[in-house]
Amino acid sequence: MKTLKIAIQKSGRLNEKSVEILKNCGLSFENYKSSLISTVQNFPLEILFLRDDDIPEYVQDGIADLGIVGENVITETQAEVEYLQRLGFGKCTLKIAVQTGSDIQKLEDLNGKAIATSYPVILENFLVEKGIKSDIRTISGSVEIGPGLGLSDAIFDIVSTGGTLKSNGLKPFADVMQSEAVLIGNKSILDNPEVAELLQRIRSVLSAKSNKYVVLNVSKDNLQKVVDLLPGVKSPTVVPLFEPNWVAVHSVIAEEDFWDKINSLKAAGAEGILVMPIEKIIT
Ligand SMILES: Nc1ncnc2c1ncn2[C@@H]1O[C@H](COP(=O)(O)OP(=O)(O)OP(=O)(O)O)[C@@H](O)[C@H]1O
Ligand SMILES: O=P(O)(O)OC[C@H]1O[C@H](OP(=O)(O)OP(=O)(O)O)[C@H](O)[C@@H]1O
Ligand SMILES: [Mg+2]
């Protein structure tokens, strides 16, 4: 049996969630801040803790078989890897931003202007596609201070809440790329049975996270209306209550339309609604 290697970020935005998803897959391993490699005790897997910039190339070159990294870093490094699964965390947008009072109003106004960024490849591709020629100034961090220091006229960086832009007197100007953390794999390991097993576990964890287990009481007169609102994994479970003419309905509902569903269920006659997290969904 081959021991797989998965590369995750050592510290930073993606570290905690990457560790969490692996632990939720039932993998048992130590996560010491000082160690750069950890062996999983109950699965043929080693975890490499790396700078996120290095992860796509490690996976491309087969030094790691799998990796968890932001799509922005994969695109920036132009590594040839297989996208296996979007992971739903580390969501952000890469944007061009300008100073609040800037006279840069439309994309063409960026011609001849200096743009500071840590993502020169993504920015260059975007500018070429739009036919714009700017002076890209590559810096490795704290990009947002560029315009204030007179280093650049605009910046291109990751934006999530927009708080960093605002506190540096900047405003979003153009969205270039959406990104989230993804599981990537080396192109030669896709038929590996351990990869298939790990992928199945990750998908069951993700699917459980985006759903809730719901138990509610309803009188038989309103049962059909309630059941119509609840598809469940296959179909809802209906069990009799001690109270005549009443039943309990057990089902699964999606997190994304949770509150709409709960309000519709109440309106359809549901009472005593209990909502519980689900650990895993295996279909
Ligand atoms: N504000 C944010 N909100 C959501 N996701 C973010 C945010 N900032 C970064 N990310 C995502 O998390 C990834 C890692 O960000 P982080 O700031 O930890 O990177 P880093 O400083 O380059 O880390 P490293 O030390 O590993 O090189 C980014 O590449 C991006 O995909
Ligand atoms: O829109 P916001 O929610 O303010 O997030 C955006 C900031 O987050 C990232 O930096 P991070 O805080 O990860 O620090 P870093 O520059 O050290 O990577 C990014 O480089 C931005 O500066
Ligand atoms: Mg980095």
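Residues numbered from 1 in each chain as written. Chains lettered and ligands numbered in written order. Predicted model: local features only at pLDDT ≥ 70, side-chain atom pairs only at ≥ 80, totals over all residues. Heavy atoms only, no water.

As recorded by an unreviewed UniProt entry, the protein carries the name ATP phosphoribosyltransferase and is attributed to Pedobacter lithocola. Taken from UniProt, the Subcellular location (unreviewed entry) comment for the protein reads in full: "Cytoplasm". (UniProt positions renumbered as here; feature names shortened; annotations may be inferred.)

(A) Main features of the sheet that holds strand E1 (residues 4–9). Spatially, 6 strands are ordered E2-E3-E1-E4-E11-E5 in an open sheet, and the strand pairing comes out mixed. Since the sheet does not close on itself, it has two edges, and those belong to strand E2 (37–39) and strand E5 (82–86), each with one partner. This sheet shows a mean twist of 25° between the axes of neighbouring strands, independent of strand direction. Two strands pair when backbone bridges link them, and E5 and strand E11 (residues 181–185) are joined in this way by 4 bridges, in the antiparallel orientation. Considered in E11, the bridge of Tyr83 is made with Ile184. Together, E1, strand E3 (45–50), strand E4 (66–70), E5 and E11 form the strand contacts of helix H7 (residues 193–209), whose direction differs from that of E5 by roughly 30°. (Pairing = 2+ DSSP bridges. Helix = DSSP H or I, 4+ residues; strand = E, 2+ residues; numbered from the N terminus. Axes fitted to C-alpha atoms, helices over the stretch in contact; angles between N-to-C directions. Contact = heavy atoms within 4.5 Å.)

(B) Quick peek at the nonpolar core. Among the nonpolar cores identified, the biggest contains 29 residues, and Ile6, Leu27, Leu66, Ile68, Leu87 and Leu183 are the most heavily contacted of them. Secondary structure elements with two or more residues in this core: E1, helix H1 (15–24), E3, E4, E11 and H7. Counting residues per element, this core draws most heavily on H7, which supplies 6 residues. Beyond its immediate stretch of four places on either side in the chain, Leu183 contacts Ile6, Leu66, Gly67, Ile68, Glu82, Tyr83, Leu84, Gln85, Leu87, Leu199 and Ile202. (Core = buried A, V, L, I, M, F, W, Y, C linked by side-chain atoms within 4.5 Å. Buried < 20%, exposed > 50% of the residue type's maximum accessible area, 1.4 Å probe, protein only.)

(C) Fine view of the sheet that holds strand E12 (residues 211–219). Strand order in the open sheet formed by 4 strands is E13-E14-E12-E15, and the pairing between neighbours is antiparallel. Edge strands, defined here as strands with exactly one partner in the open sheet, are strand E13 (237–240) and strand E15 (271–277). Mean inter-strand twist for the sheet, computed between neighbouring axes without regard to direction, equals 20°. Pairing between E12 and E15: 5 bridges, direction antiparallel. From the neighbouring strand, Tyr213 faces E15, where its bridge partner is Met276. Lying over the sheet, helix H9 (residues 258–267) contacts E12, strand E14 (246–254) and E15, oriented at roughly 155° with respect to E15.

(D) Molecular detail of the site of ligand 1. Near ligand 1 lie 17 residues; those nearest to it are Gln9, Arg13, Arg51, Asp53 and Asn72. In the model, an oxygen atom of ligand 1 is placed 2.8 Å from a nitrogen or oxygen of the Arg13 main chain. Asp53 is positioned such that a nitrogen or oxygen atom in its side chain is 2.8 Å from an oxygen atom of ligand 1. Protein chains bury 77% of the 640 Å² of accessible surface belonging to ligand 1 in isolation. Under a 2 Å grid-point criterion requiring more than half of the atoms, the pocket assigned to ligand 1 is the largest pocket. Here the shell around ligand 1 is composed, by residue class, of 5 nonpolar, 7 polar and 5 charged. When residues are assigned to domains, the shell around ligand 1 turns out to be shared by domain 1 (4–88 + 181–208) and domain 2 (92–179), each giving three or more. (Near = heavy atom within 4 Å. Polar contact = N/O pair within 3.5 Å; in protein donor to acceptor, adjacent residues only side chain to side chain. Areas by Shrake-Rupley, 256 points an atom, 1.4 Å probe, with all protein chains shown as cover. 1 Å grid on protein atoms, 1.4 Å probe; cavity = no way out; pocket = protein on both sides within 12 Å on 5 of 7 lines; lining within 4 Å. Sits in = over half its atoms within 2 Å of the grid points. Nonpolar A, V, L, I, M, F, W, Y, C, P; charged D, E, K, R; others polar. Domains from an automatic or database assignment.)

(E) Region of interest: the pairing of E14. As paired strands, E12 and E14 are joined by 9 bridges and run antiparallel to one another. Bridging across to E14, Val214 finds its partner in Ser251. Direction of pairing for E13 relative to E14: antiparallel, over a ladder of 4 bridges. Bridging across to E14, Thr237 finds its partner in His250.

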